[in-house]
Amino acid sequence: MRHIISILLENEPGALSRVVGLFSARGYNIEALTVAPTEDKSLSRMTIATSGSDDVIEQITKQLNRLIDVVKVVDLTESPHIERELMLIKVRAVGKEREEMKRMADIFRGRVIDVTDKTYTIELTGDGGKLDAFIEAIEGSAIIETVRTGTSGIARGERVLRL
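The rules behind the values
In this numbering scheme, every chain counts its residues from 1 along its sequence in written order. Selection of residues for local features in this predicted model requires a pLDDT of at least 70, selection of side-chain atom pairs for listing and counting requires 80 or more, and totals for whole chains, interfaces and linings are taken over all residues. With hydrogens and water set aside, each side-chain value is computed from the structure's full complement of heavy atoms. Secondary structure elements are defined from DSSP: runs of H or I of at least 4 residues count as helices, runs of E of at least 2 residues count as strands, and each element is numbered from the N terminus. Between buried and exposed lies partly exposed: a residue is buried under 20% and exposed over 50% of the maximum accessible area for its type, with that area taken using a 1.4 Å probe on protein chains only. Should any heavy atoms of two residues lie within 4.5 Å, those residues are considered in contact. Residue-level accessible areas treat just the shown protein chains as cover; the underlying method is Shrake-Rupley with a 1.4 Å probe. Positive residues here are Lys and Arg, negative ones are Asp and Glu, while His and the chain termini are left out of the count. Throughout, a charge is located at the NZ atom of Lys, the CZ atom of Arg, the CG atom of Asp or the CD atom of Glu. Note: two strands are recorded as paired if DSSP finds a minimum of 2 bridges between them. Computed over the protein atoms alone on a 1 Å grid, cavities are sets of points where a 1.4 Å probe fits but cannot get out and pockets are open sets with protein on both sides within 12 Å along at least five of seven lines; a residue lines them when it has an atom within 4 Å of a point. Grid points are joined across faces, edges and corners, and a volume is the space filled by probe spheres set on the points. Polar here means any residue outside two lists: the nonpolar Ala, Val, Leu, Ile, Met, Phe, Trp, Tyr, Cys and Pro, and the charged Asp, Glu, Lys and Arg; Gly therefore counts as polar.

Asker: Let's hear about the overall build of the chain: which residues, and what values?
Answerer: Secondary structure summary: the chain contains 4 helices and 9 strands in total. Oriented by its inertia axes, the alpha-carbon framework of the chain measures out at about 60 × 35 × 35 Å. Every one of the 163 residues in the chain was classed for burial, and the buried ones make up 36%. Contacts in the chain between residues at least 24 apart in sequence constitute 73% of all its contacts with a sequence separation of at least 6. With the model as given, the accessible surface of the chain reaches about 9500 Å², and the carbon-plus-sulfur share is 51%. On the chain, the mean spot of the 23 positive side-chain charges and the mean spot of the 26 negative ones are 2 Å from each other.

Here you go:
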């Protein structure tokens, strides 16, 4: 089962490599990883998408909590949460394809953020399924380049990841 693990850790050199090293040393796979400073500049928030049984995820969270830089660990998939991913996709847009690409971007609530004579660069946000659906909906040969951020997530309601 896929899990989204959110980690609050000290914003120190080497903290990211220690977390990634823990996953690597134990043979756990990281499907997506995002990290950035929080509103408190001394802390960073890391979001990791990974897969595993409940026992494996429990083991991962226990190991993460033992790391010196880690302040708090939460498995977001244990309760209602919101997850989003950002994708920038450069597509071929020549002649009558231009209107079709613009229409597809509008259908998926994307924005055309760069235009040339032959291409559009489209920005899309949503869950991974939505982004995958956009890729499937347009002709594969029209795709020139794709960049995705990986999953970011936050708990719904009053629940927060804070000290």
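Asker: An account of the pairing of strand 3 (residues 43-51) is requested, with residue identities and associated values reported.
Answerer: Among the 9 residues that make up strand 3, 7 are buried, leaving the element largely enclosed by the rest of the structure. Of the strand pairs in this sheet, strand 1 (residues 2-10) and strand 3 are connected by 9 bridges, and their pairing is antiparallel. Following the sheet pairing, Ser-6 is matched in strand 3 by Thr-47. One ladder, built from 6 bridges, connects strand 2 (residues 32-37) with strand 3; its direction is antiparallel. Looking across to strand 3, one finds that Ala-36 is bridged to Arg-45. The turn linking strand 2 back onto strand 3 is made up of 5 residues.

Asker: Run through the environment of Ile-143, naming residues and quoting values.
Answerer: Relative to the elements of secondary structure, Ile-143 occurs in strand 8 (residues 143-148). Judged by relative accessible area, which is 24%, Ile-143 ranks as partly exposed. Separated by 52 residues in sequence, Ile-143 and Val-91 have C-alpha atoms that sit 4.6 Å apart. Not counting residues up to four positions away in its chain, the partners in contact with Ile-143 are Ile-89, Lys-90, Val-91, Ile-135 and Ile-138.

Asker: A description of the layout of surface pockets should follow, citing residues and the corresponding values.
Answerer: Taken as a whole, the largest pocket spans an internal volume of roughly 380 Å³. Lining the largest pocket are 22 residues, and of these Leu-8, Thr-38, Glu-39, Arg-45 and Leu-161 lie nearest its centre. For the lining of the largest pocket, the secondary structure elements donating two or more residues are strand 2, strand 3 and strand 9 (152-155). For the lining of the largest pocket, a count of residues per class yields 12 nonpolar, 5 polar and 5 charged. Taken together, Arg-92, Glu-97, Glu-100, Met-101, Met-104, Ala-137, Ile-138, Glu-139, Ser-141 and Ala-142 make up the lining of the second largest pocket. Of all the elements, helix 3 (residues 97-107) adds the most residues to the lining of the second largest pocket, at 4 residues. Residues belonging to the lining of the second largest pocket are distributed by class as follows: 5 nonpolar, 1 polar and 4 charged.

Fair warning: the whole summary comes from geometry, so function is off the table for now.
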